[in-house]
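Architecture at a glance
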Amino acid sequence: MEFSLEKIVRKNIKKMKPYSSARHEFSGRASVYLDANENAFGSPVNLTAYSGKIPAMQFNRYPDPLQKQVKEKLSTIKGVPSKNIFLGNGSDEAIDLLFRIFCEPARDNILLFPPTYGMYEVCAEVNNIKTKKIPLTKNFQLDIDAIEQAIDPFTKLIFICSPNNPTGNSINRNDIEIILNNFTGIVVMDEAYINYSRQRSFIPELTEYPNLVVLQTLSKAWGLAGLRVGMAFAAQTIIDLMNKVKYPYNINAVSQQLALDAMNQMDWVNEHTKLIAIEKEKLRTNLSTLPFTEIVYSSDANFLLVKMNKARSVYEFLCSKGIIVRDRSHVIHCDDCLRITVGTSEENKLLIETLKSFSS
Ligand SMILES: *Cc1c(COP(=O)(O)O)cnc(C)c1O
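Residues numbered from 1 in each chain as written. Predicted model: local features only at pLDDT ≥ 70, side-chain atom pairs only at ≥ 80, totals over all residues. Heavy atoms only, no water.

1. Side note on the site of the ligand
What counts, and what does not: The nearness test applies per residue and asks whether one of its heavy atoms lies within 4 Å of the molecule or strand. Two N or O atoms form a polar contact when they lie within 3.5 Å of each other; inside protein one atom must be a possible hydrogen donor and the other a possible acceptor, and for residues adjacent in sequence the pair counts only when both atoms belong to side chains. Here, Shrake-Rupley sampling with a 1.4 Å probe gives the accessible areas, and only protein chains in the shown set may cover a residue. Space inside and on the surface of the protein is sampled on a 1 Å grid over the protein atoms alone, with a cavity defined as a set of points where a 1.4 Å probe fits but cannot get out and a pocket as an open set with protein on both sides within 12 Å along at least 5 of 7 lines; lining residues have an atom within 4 Å of a point. A pocket or cavity is taken to hold a molecule when more than half of that molecule's atoms are within 2 Å of the pocket's grid points. Polarity classes work like this: nonpolar for Ala, Val, Leu, Ile, Met, Phe, Trp, Tyr, Cys and Pro, charged for Asp, Glu, Lys and Arg, and polar for all others, with Gly in that last group.
Among the 13 residues in the neighbourhood of the ligand, the closest are listed as Asp-190, Tyr-193, Thr-217, Ser-219 and Lys-220. At 2.7 Å, a side-chain N or O of Asp-190 approaches a nitrogen atom of the ligand. Within the side chain of Lys-220, an N or O atom sits 3.1 Å from an oxygen atom of the ligand. For the ligand, whose free accessible area comes to 390 Å², the fraction covered by protein is 94%. More than half of the atoms belonging to the ligand lie within 2 Å of the grid points that define the largest pocket. Of the residues belonging to the shell around the ligand, the class tally is four nonpolar, five polar and four charged.

2. Quick notes on the pattern of salt bridges
Cut-off, in case you're wondering: Salt bridges, as used here, are contacts in which a Lys or Arg side-chain nitrogen is within 4 Å of a carboxyl oxygen on Asp or Glu. We count a stretch as a helix when DSSP gives it H or I for four or more residues in a row; a strand needs E for two or more, and each element gets its number in order from the N terminus. Three labels apply to residues, based on accessible area from a 1.4 Å probe with only protein chains included: buried if under 20% of the type maximum, exposed if over 50%, partly exposed otherwise in between.
As enumerated under the stated definition, the model contains 18 salt bridges in all. Here Arg-328 and Glu-25 are joined by a salt bridge, their closest N and O atoms 3.7 Å apart. Linking Arg-328 in the loop between β12 (326–327) and β13 (337–341) with Glu-25 in helix α3 (residues 22–25), this pair joins segments that are 303 residues apart in sequence. Residue Arg-328 is classed as buried on the basis of its relative accessible area, which comes to 14%. Between Arg-198 and Asp-300 there is a salt bridge; the shortest N-O distance is 2.8 Å. With Arg-198 in the loop between β6 (186–190) and β7 (212–217) and Asp-300 in the loop between β9 (293–296) and β10 (303–308), this residue pair connects regions lying 102 residues apart in the sequence. Arg-198 gets classed as exposed once you look at its relative accessible area, which sits at 67%. Here Asp-300 falls in the buried class, since its relative accessible area comes to 4%. Connected via shared salt-bridge partners are Glu-25, Arg-326 and Arg-328.

If you want it as structure tokens, here you go:
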């Protein structure tokens, strides 16, 4: 018998499409990155402030497996007891854990509402779980009747991203409540962009719904995408399961320390969240006046979805000028759309000046 990788690799892994992040799609060097919804203004913590501290950390010791200090601080910020908080290596770890905890491979299924965040489907494929896709309506809202039809006894997870990526809008609260009240599986509310939203978080609703999991992250408004810290809020029973299944030391010592320090600087986060909201409205106005802009969709996030005549050519033109945005034109309901992260005032100005010089 000969060794054959082809024969032993799981079928679902062989045929799955990997997640394609903004950094996968553009890996060259550019001057302006408006493609990954990061915080262009920086972060509340950076290593120059640690010249004494980090070297003093003891790297020979394992970090706290349950991140007690970070959770206690987060508990006061979010108004949620520590026992209802899970911390992961990005929200992505929490998403994967939910599959591994609740879904039986090759049997169960989940519901997704495209266009939405790509990681849900990638995790489903890795775990050999079927996805049932019920597209959002033309207004980017939930199709409640179709959702009701799609749920079966093997449906375990429903992912709702609000504000949604890449559309930027918030999902109607009433529709979410209908699902929370009627679905007997887990409802995952992905609130990665909640700091920018005019809608309230579902965190206060945790006491009402034992089937609710709320995801948030330090990667966006907190400016700490590089730290890889995501949060999940849920009933203690669900949090306990997540802690049972995760790698023991999933958040390294440096990330725990920096996350804690960032949490003592909420002022930075709040100020920059306001600044980004102001920049977003300026950017909206300026994008709207371009002759090839068709629609600038309303946004509760730190990015704008923009429908443009010949979006792909606009994207390529911007790339050639060192400005990277996200081409979403191949995504359902997003034909000819680019997703543009709000940058600093200077970056946004440069973007608009460059776009003004585009002629198709
Ligand atoms: C950016 C983003 C996240 C964050 O993922 P991390 O792994 O925490 O960096 C989660 N969900 C959505 C919808 C996002 O856009």
